[in-house]
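Chains, contacts and geometry: an overview
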2 protein chains.
Amino acid sequence: MATGRTHRPATRSRGIPEATVARLPLYLRALTALSERSVPTVSSEELAAAAGVNSAKLRKDFSYLGSYGTRGVGYDVEYLVYQISRELGLTQDWPVVIVGIGNLGAALANYGGFASRGFRVAALIDADPAMAGTPVAGMPVQHTDELEKIIKDNGVSIGVISTPAGAAQQVCERLVAAGVTSILNFAPTVLSVPEGVDVRKVDLSIELQILAFHEQRKAGEEAAADGIEPPAAAKQQRKGPDGDVPAVMPA
Amino acid sequence: MATGRTHRPATRSRGIPEATVARLPLYLRALTALSERSVPTVSSEELAAAAGVNSAKLRKDFSYLGSYGTRGVGYDVEYLVYQISRELGLTQDWPVVIVGIGNLGAALANYGGFASRGFRVAALIDADPAMAGTPVAGMPVQHTDELEKIIKDNGVSIGVISTPAGAAQQVCERLVAAGVTSILNFAPTVLSVPEGVDVRKVDLSIELQILAFHEQRKAGEEAAADGIEPPAAAKQQRKGPDGDVPAVMPA
DNA sequence: CGTTGTGAAGTGGTTCACAGCC
DNA sequence: GGCTGTGAACCACTTCACAACG
């Protein structure tokens, strides 16, 4: 690989820790629900419960945004909704393209939560010429040839990749070359992008494997000996030439 | 409000840090690709590049599993594939149910990566009686009424929720009551579960919002002051950073 | 009072850098 | 010589606990 820059080194963001940024959408969702029920104020304790975090963490998170609460009272729901929305950049409109309109791409296109908050699907793009013109979620699919033009005409800076793994890196490069600087990747592959481009990935099989790990642990907690013998078929001898696997774990 | 959750850091796993567990699937994927190309051994540097991490981290991660490498040479690809698979619990079969067969559920059912490694879709379940019997991904959709029976008959311990947000908590509770102890949640809502049940969530709109945050930051790096006041609706004074975008808040 | 906001202490994860071994 | 495995230093995030304040 040549230009493999995946993680930005020390993106201090703006003083807001990355972990906090990742929770702001959660708070926003909980606050929006409160807002719809016309709840005027909320304490850190209540809001934290609704968002599934603990209250000290929530208060610390909010402290990075400023002092938006009132001691002895709590937080003003509407005001906080506005502040978090602004902080997340949701007070502006983000045109998004979805590339790869298979089952998943179509599901994403139909996903309501997309349009709800600042995001607008500007185009659906697929490499299959037979799909061109087919309406998906009330929108005609466009051919990959148009990708660059679509991005530029719509000022798209966020792209969603839901192509097969094999096509993802190439699509990614075209998106980036056309001006996209944030990518949400659903393809099960590692994307390499130039510095300055953000990539987030969503990967079903990784999530399942993490669950399986913990699941296995739970099962093993009781039944210790449960012959999970290695399939002798596999050539899993210790090492190449000489075997030595003491598995030392001092600490 | 507090459910007597003593916040057990059960994440102690078995000495393997959670962050490491989350990367094992990534290594496994890269190793599988090497294996298919019949590459016999790989260095930490090469494998790290393929997995998109740095080599020190990879070596540290592997050190939690044991000493599976050979100094001066690298790691035996096949052997490592086996060791990681075993560690993740992929040497056994995990039946999975998908609840909520809308666009997304159908996409998940069709997702190939599902079956590939240890996971097997045992059933597709939906609350819509009209869907019952309809084949999706070559499998008949079953009605929610059957949920408990399906889980028990198949020994399902992992459930995927792709219902609308409003139904998710209820579905979750039924899954857990029937014996499921790991849940992958695609619904945009916080699930509350009893201790001992693992939940992982995949949330499109959260990911987009995180991207928007960084995107906004990039844009703001150039364009400096744009001082426009937040809506006068703000009734408190605050000392946070100043706003810059007029209100567009949908309430 | 009750609840926020925050230094300080604690925890977990990453990176460095090099000893140990092939 | 090359590469792994790992203490130690470093850094980011979380939690504690309490002073500040409406």
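Computed from a prediction, not measured in an experiment: that's the story for all the values here.

Comments concerning unusual backbone geometry
- Notably, Ala137 of chain A is not glycine yet its phi reads approximately 55°, a positive angle.
- Its place among the elements puts Ala137 of chain A in the loop between β6 (135-136) and β7 (139-143).

Comments concerning the nonpolar core
- Ile84 and Phe114 of chain A together with Ile84 and Phe114 of chain B are the most contacted members of the largest nonpolar core, which totals 104 residues.
- Beyond its immediate stretch of four places on either side in the chain, Phe114 of chain A contacts Val96, Ile98, Leu108, Phe119, Val121 and Val160 of chain A together with Leu204 and Leu208 of chain B.

Details of helix α4 (residues 77-88) of chain B
Residues and elements named next belong to chain B.
- Taking 1.5 Å of rise per residue, 12 residues should cover 16 Å, and α4 covers 16 Å from first to last C-alpha, within 8% of that figure.
- Within α4, 10 of the 12 residues are buried, which leaves the element mostly enclosed by the surrounding structure.
- When α4 is considered as a whole, its buried residues turn out to be Val77, Tyr79, Leu80, Val81, Tyr82, Gln83, Ile84, Ser85, Glu87 and Leu88.
- Just downstream of α4, Gly89 is the residue with a positive phi angle, here 85°.

Here's the deal with the protein's contact with DNA strand D
- Around DNA strand D there are 26 residues in total, and Arg23, Asn54 and Arg71 of chain A together with Ser44 and Tyr75 of chain B lie nearest to it.
- Taking all atoms of DNA strand D within 4 Å of the protein, the share assigned to sugar and phosphate is 63%.
- Between DNA strand D and the protein, one listed contact pairs a phosphate oxygen with a side-chain N or O atom of Arg23 of chain A at 2.8 Å.
- Ser44 of chain B has a polar side-chain atom sitting 2.5 Å from a phosphate oxygen of DNA strand D.
- Looking at the surface near DNA strand D, the elements with two or more residues in it are α1 (18-36) and α3 (55-65) of chain A together with α3 (55-65), β2 (69-70) and β3 (74-76) of chain B.
- Partitioned by chemical class, the residues of the surface near DNA strand D number six nonpolar, 11 polar and nine charged.

Let's talk about the UniProt feature "DNA-binding region" (unreviewed entry) in chain A
- The positions UniProt marks with the feature "DNA-binding region" (unreviewed entry) are residues 26-65 of chain A.
- Across residues 26-65 of chain A one finds 75% helix and 5% strand; the C-alpha atoms that close the span lie 15 Å apart.

Description of the packing of α1 of chain A against helix α2 (residues 44-51) of chain A
Residue and element names in this part refer to chain A.
- Two elements in contact, α1 and α2, have axes separated by 9 Å at closest approach and are oriented at 110°. Between α1 and α2, the crossing angle belongs to the class labelled roughly perpendicular. Across the interface between the two elements, Leu26, Tyr27, Ala30, Leu31 and Leu34 of α1 pack against Leu47, Ala50 and Ala51 of α2.
- Taken together, the residues that form the contact of α1 with α2 break down as eight nonpolar, no polar and no charged.

Examining the layout of surface pockets
- Volume-wise, the second largest pocket comes out at about 1,000 Å³.
- Forming the boundary of the second largest pocket are 49 residues, of which Leu104, Ala107 and Leu108 of chain A together with Leu104 and Ala107 of chain B lie nearest the centre.
- In terms of residue count, the dominant contributor to the lining of the second largest pocket is helix α5 (residues 103-110) of chain A (six residues).
- Considering only residue class, the lining of the second largest pocket consists of 26 nonpolar, 18 polar and five charged.

What counts, and at which threshold
- Residue indices follow the written sequence of each chain, beginning from 1 at its first position.
- Think of it this way: whatever chain is written first is A, whatever ligand is written first is 1, and the rest follow in order.
- Restriction of local features to residues with pLDDT of at least 70 applies here, the model being predicted, together with a cutoff of 80 or more for giving and counting side-chain atom pairs; totals for whole chains, interfaces and linings are based on all residues.
- Hydrogens and water molecules were not included; the side-chain quantities draw on all heavy atoms of the structure.
- Numbering of helices and strands runs from the N terminus; a helix is a DSSP stretch of H or I covering at least four residues, while a strand is a stretch of E covering at least two.
- We call a set of buried Ala, Val, Leu, Ile, Met, Phe, Trp, Tyr and Cys residues a nonpolar core when their side-chain atoms join them within 4.5 Å.
- Categorising residues by exposure relies on relative accessible area from a 1.4 Å probe, with only protein chains included: less than 20% of the type maximum marks a residue as buried, more than 50% marks it as exposed, and the intermediate range marks it as partly exposed.
- By definition, residues are in contact when any of their heavy atoms lie within 4.5 Å.
- Here a helix's expected span is defined as the number of its residues, less one, multiplied by 1.5 Å.
- Working definition: residue near molecule or strand if any one of its non-hydrogen atoms lies within 4 Å of it.
- What qualifies as a polar contact is a pair of N or O atoms within 3.5 Å, subject to a donor-acceptor requirement within protein and to the restriction that residues adjacent in sequence count only when both atoms come from side chains.
- Residue polarity is assigned by list, with Asp, Glu, Lys and Arg as charged and Ala, Val, Leu, Ile, Met, Phe, Trp, Tyr, Cys and Pro as nonpolar; anything else, Gly included, falls into the polar class.
- UniProt positions are given in the numbering used here, feature names are shortened, and annotations may be inferred rather than shown by experiment.
- Interaxial angle, 0 to 180 degrees, is taken between N-to-C directions of lines fitted to C-alpha atoms, where a helix line uses only the stretch in contact.
- Orientation categories follow fixed angle ranges, with anything under 35 degrees roughly parallel, anything over 145 roughly antiparallel, 65 to 115 roughly perpendicular, and all other angles oblique.
- Put simply, the grid is 1 Å and covers the protein atoms alone, a cavity is a trapped set of points that fit a 1.4 Å probe, a pocket is an open set with protein on both sides within 12 Å along at least five of seven lines, and lining residues have an atom within 4 Å of a point.
- Grid points are joined across faces, edges and corners, and a volume is the space filled by probe spheres set on the points.

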